[in-house]
Amino acid sequence: MKLDRKEVLKALETITIAGEGKNMVESGAIANVITFGDEVVVDLILNTPAMHIKKRAEDDIKKTILELISPDAKIKINSKVQAPEKAEIKGKSIPGIKNIIAVASGKGGVGKSTVTANLAVSLAKMGFSVGVLDADIYGPSMPIMFDVENEKPISVNVDGKSKMKPVESYEVKMLSIGFFTAPSQAVIWRGPMASKALNQMIFDADWGELDFMLIDLPPGTGDIHLSIMQSLPVTGAVVVSTPQAVALADAKKGVSMFLSEAINVPVLGIIENMAYFTPEELPNNKYYIFGQEGAKNLAEDLDVPFLGEVPIVQSIREAGDFGRPAAMQEGSIVAKVFEDITRKVVEETVRRNDSLPATEAIKITTMAGCSAVKK
């Protein structure tokens, strides 16, 4: 079987890229098509760094060629992002930090902080240098989860400037507003005060060299989220949800916030927490208390990666309360679950960095919204 280049191009004229009116060939997204017998190589150029648009375009090309040209065609797609030249990132980058991952949830109570803590220790176990910024100003929980509730960051001199030295536990560096308040003290601050405290923990700290900084965001899509994305070029976001409908509705909004044109932070994937209950004495039994595969189905609907599911296991709660994250329980089912999820987060981060340009920090432009920073 020999494929015809002209027929392939004609078939690709039936596809449009999300957000663009012209078909792929007319818009110039298809830079070149080469055929060798039953093989076809398509050079695809995209004008947006959004990961979900890239994946959908590639899937549409493969489906169209297989359906309209030949079901036996061997297809290779070379994708390249050629976004319009953008202004220099004005959000201050932190020297030495390679990847900044925001861990978010649409609503509270879905175990986002627990997932963040276990992702952090799993990354550390894999040999990465890791930091955690507890950005949940009004409900900081990282000091408890890492058994450093009574610790205080010390001041160190770096290049003639006084900096906070992050508290270190289980080979993870961290800063939290919880280190600066009494355990029983409520943080009663307006948005600007919270944002200023966050900026100090980000830029007035001696983080050193980090492969990953995880940012534990508060629930929702509010002021703290915008402050973080104004201050830092975030590499990507991980969204945590339970399988139940009320949580999924808010998780969908969280994904939408990151993928919006104004913010445009790639979503590395969705994690389903509290996916099912497994009693310790019946490890093979699964009880789907909050519904089954809700977050997995949401990931498919939104065309973002599904990173895995975390069961309801008593030891996870106990480990968090006692300040030793469950992922450190060598040989346990929980440790294996978090190891698999963490590996997928790393894979998606590598894929994102290989295929997309650096994320820009954003700036508030009007009362109604925000946009990418421009000179």
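One structure accompanies this document, and this report is about it. (Residues numbered from 1 in each chain as written. Predicted model: local features only at pLDDT ≥ 70, side-chain atom pairs only at ≥ 80, totals over all residues. Heavy atoms only, no water.)

This part takes up the overall build of the chain. Across its full length, the chain carries 11 helices and 15 strands. Taking all 375 residues of the chain together, the buried fraction comes to 49%. Of all intrachain contacts in the chain linking residues separated by at least 6 positions in sequence, the fraction that spans at least 24 positions is 75%. (Helix = DSSP H or I, 4+ residues; strand = E, 2+ residues; numbered from the N terminus. Buried < 20%, exposed > 50% of the residue type's maximum accessible area, 1.4 Å probe, protein only. Contact = heavy atoms within 4.5 Å.)

A word on the sheet that holds strand β9 (residues 172-176). Hydrogen bonds between backbone atoms are what pair the strands of a sheet, whose relative direction is either parallel or antiparallel. Strand order across the open sheet formed by eight strands is β8-β9-β5-β10-β4-β11-β12-β13, with mixed pairing between neighbours. Of all the strands in the sheet, just β8 (167-169) and β13 (306-312) have a single pairing partner and so form its edges. The mean angle between the axes of side-by-side strands here comes to 25 degrees, regardless of whether they run parallel or antiparallel. Where strand β4 (residues 97-104) meets strand β10 (residues 210-216), six bridges bridge the pair, whose relative direction is parallel. Within β10, the residue paired with Ile-100 across the bridge is Met-213. Lying on the sheet, helix α8 (residues 245-259) is in contact with β4, β11 (236-241) and β12 (267-277); it crosses β11 at an angle near 175 degrees. (Pairing = 2+ DSSP bridges. Axes fitted to C-alpha atoms, helices over the stretch in contact; angles between N-to-C directions.)

Direction vectors running N to C along α8 and helix α9 (residues 294-302) enclose 35 degrees, while the axes themselves pass 11 Å from each other. Pair α8 / α9 crosses with right-handed handedness. In this structure, α8 uses Leu-248, Ala-251, Lys-252 and Val-255 to contact α9, whose residues at the interface are Gly-294, Ala-295, Leu-298 and Leu-302. (Left-handed = near helix turned anticlockwise from the far one by under 90°.)

Mapping Gly-96 onto the fold places it in the loop between β3 (74-81) and β4. For Gly-96, a relative accessible area of 23% gives the class partly exposed. Excluding residues that lie within four positions of it along the chain, Gly-96 makes contacts with Gly-208, Glu-209 and Leu-210.

Turning our eyes to something else, we now look at empty space enclosed by the protein. Empty space left among the atoms is revealed by rolling a probe the size of a water molecule over them. Taken as a whole, this structure holds one cavity of 30 Å³ or more when the rule is applied. Looking at the largest cavity, its volume works out to about 40 Å³. Along its surface, the largest cavity is lined by Thr-114, Ala-117, Asn-118, Met-145, Ile-316, Ala-319, Gly-320, Pro-325 and Ala-326. Counting only elements with at least two residues in the lining of the largest cavity, the list comes to α4 (112-125) and α10 (314-322). Per-class residue counts for the lining of the largest cavity are six nonpolar, three polar and no charged. (1 Å grid on protein atoms, 1.4 Å probe; cavity = no way out; pocket = protein on both sides within 12 Å on 5 of 7 lines; lining within 4 Å. Points joined across faces, edges and corners; volume = space filled by probe spheres on them. Nonpolar A, V, L, I, M, F, W, Y, C, P; charged D, E, K, R; others polar.)

In this section: the sheet that holds β3. Pairing is mixed across the open sheet formed by three strands, whose spatial order is β1-β2-β3. Single-partner strands in this sheet number two, and they are β1 (30-36) and β3. Each neighbouring strand pair of the sheet contributes to a mean axis angle of 15 degrees, computed without reference to strand direction. Alignment of β1 against strand β2 (residues 39-46), held across six bridges, turns out to be antiparallel. Counted as the bridge partner of Ile-34 is Val-41 from β2.

Quick look at the pairing of β10 now. With seven of its seven residues buried, β10 lies for the most part within the structure. In terms of strand pairing, strand β5 (residues 130-134) meets β10 through five bridges, oriented parallel. The residue of β10 that forms the bridge with Asp-134 is Asp-216.

What follows concerns the side chain of Ser-70. When you line up the elements, Ser-70 lands in the loop between α3 (51-68) and β3. At a separation of 3.1 Å, a polar atom in the side chain of Ser-70 contacts the main-chain amide nitrogen of Asp-72. (Polar contact = N/O pair within 3.5 Å; in protein donor to acceptor, adjacent residues only side chain to side chain.)

Position of Glu-13 among the secondary structure elements: in the loop between α1 (5-12) and α2 (24-27). A relative accessible area of 42% means that Glu-13 is categorised as partly exposed. C-alpha separation for the pair Glu-13 and Glu-26, spaced 13 residues apart in sequence, amounts to 7.3 Å. Among all residues touching Glu-13, those that are not within four sequence positions of it are Asn-23 and Val-25.

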